[in-house]
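Take a look at the letters that make up each chain.
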Amino acid sequence: LIPGTTYIIAEEKPQKSLELFSELVRHGMEGLCLSRYNPETLAERYNVPADSVIWLTQKSEPKYKTVDPTNFPRLSSMISDFLGKASYPLILLEGMGYLITQSNYETVLRFVQSQRDEIALRNAIMLVHIDPLSLDTKELHRLGSEMEPFKI
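The present account deals with the structure reproduced in this document.

## Observations regarding the side chain of Ser76
So, point 1. Here Ser76 is to be found in helix H3 (residues 72–85).
So, point 2. Exposure remark for Ser76: the relative accessible area of 19% places this residue in the buried category.

Structure representation (structure tokens):
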């Protein structure tokens with residue numbers, strides 16, 4: 001993985017993406033995981049530290065960091081805060097399909113484009129999980145053209 005790069009990981013379920021994220025965090029990277037999964041579930045199943053998770057949900061839960069999936073300014077701000085503090089930052093975005101269904105494809109594409117620029121400026125690494133069957137060929141291609149492919 002090359003610092004300053006955003007990678008797309010195409011797999012139906014995010015199992016390998018979460019395992020890779022967990023492994024890299026265990027080896028010293030500072031991780032931020034944006035996920036549809038409950039942080040406790042990620043900790044139990046994949047050893048993802050619950051305090052590294054931002055739960056993409058419309059429910060507010062005081063015990064977790066949560067963000068409404070339509071609130072892209074807040075999500076961007078949370079990512080920027082993390083990138084400003086971390087020395088060797090790693091971000092996993094697992095929940096693209098959910099973000100798209102809660103807003104729309106164009107909004108999510110613009111969000112990924114802006115985050116990609118921030119990742120490059122901060123010398124971070126970002127992994128973006130997508131179920132390739134959740135998008136049509138044209139959408140998947142446009143999204144993929146913004147990122148480097150990562151084969152698991």
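## Some details on the packing of H3 against helix H5 (residues 105–122)
So, point 1. The N-to-C vectors of H3 and H5 enclose an angle of 15°; their axes lie 11 Å apart at closest approach. Taken together, the axes of H3 and H5 are roughly parallel relative to one another. For H3 against H5, the interelement crossing comes out right-handed. For the pair H3 and H5, the contacting residues are Phe72, Leu75, Ser76, Ile79, Ser80, Leu83 and Gly84 in the first and Thr107, Val108, Phe111, Gln115, Glu118, Ile119 and Arg122 in the second.
So, point 2. In terms of residue class, the contact of H3 with H5 is built from 7 nonpolar, 5 polar and 2 charged.

## Some details on helix H2 (residues 39–46)
So, point 1. Taken as a whole, H2 has its buried residues at Pro39, Leu42 and Tyr46. Taken down its axis, H2 places every buried residue within 70° of arc, on the same side. The exposed set on the far side of H2, more than 90 degrees from its buried face, consists of Glu44 and Arg45.
So, point 2. Buried residues along H2 sit in contact with helix H1 (15–26), strand E2 (30–35) and strand E3 (53–56).
So, point 3. Looking at the residues trailing H2, positive phi occurs at Asn47, about 60°.

## Quick look at the packing of aromatic side chains
So, point 1. With the rule as written, the count across this model stands at 3 aromatic pairs.
So, point 2. Centre to centre, the rings of Trp55 and Tyr64 are 5.7 Å apart; their planes meet at 80°, and the pair counts as edge-to-face. Residue Trp55 shares its accessibility class with Tyr64, and that shared class is buried.
So, point 3. When the ring centre of Tyr98 is taken as origin, the NZ or CZ atom of Arg36, which lies over that ring, is 3.7 Å away.

## With respect to the pairing of E2
So, point 1. Within E2, 5 of the 6 residues are buried, leaving the element largely enclosed by the surrounding structure.
So, point 2. Relative to strand E5 (residues 89–94), E2 is paired through 6 bridges, and the arrangement is parallel. Residue pairing across strands places Leu34 opposite Leu93, the latter belonging to E5.
So, point 3. Here 3 bridges tie E2 to E3, and the two strands are oriented parallel to one another. Following the sheet pairing, Cys33 is matched in E3 by Val53.
So, point 4. Remark: the E2/H2/E3 crossover connection has right-handed handedness.

## Regarding the nonpolar core
So, point 1. Of all hydrophobic cores here, the largest spans 32 residues; its most connected members are Leu34, Ile91, Leu93, Met96 and Leu143.
So, point 2. Broken down by secondary-structure element, the contributors of at least two residues to this core are E2, E3, H3, E5, helix H4 (96–102), H5 and strand E6 (125–130).
So, point 3. Excluding anything up to four places from it in sequence, Met96 contacts Val108, Val112, Val128, His129, Ile130 and Leu143.
So, point 4. Counting 17 residues, the second-largest nonpolar core is a separate cluster that includes Val25, Leu42, Tyr46 and Leu127.

Criteria and thresholds
- Residues numbered from 1 in each chain as written.
- Predicted model: local features only at pLDDT ≥ 70, side-chain atom pairs only at ≥ 80, totals over all residues.
- Heavy atoms only, no water.
- Helix = DSSP H or I, 4+ residues; strand = E, 2+ residues; numbered from the N terminus.
- Buried < 20%, exposed > 50% of the residue type's maximum accessible area, 1.4 Å probe, protein only.
- Axes fitted to C-alpha atoms, helices over the stretch in contact; angles between N-to-C directions.
- Parallel < 35°, antiparallel > 145°, perpendicular 65-115°, else oblique.
- Left-handed = near helix turned anticlockwise from the far one by under 90°.
- Contact = heavy atoms within 4.5 Å.
- Nonpolar A, V, L, I, M, F, W, Y, C, P; charged D, E, K, R; others polar.
- Arc of directions from axis to C-beta.
- Phe/Tyr/Trp six-rings, centres within 6.5 Å; stacked < 30°, edge-to-face > 60°.
- Lys NZ or Arg CZ within 6 Å of the ring centre and 35° of its normal.
- Pairing = 2+ DSSP bridges.
- Right-handed = clockwise from strand over helix to strand, strands pointing away.
- Core = buried A, V, L, I, M, F, W, Y, C linked by side-chain atoms within 4.5 Å.

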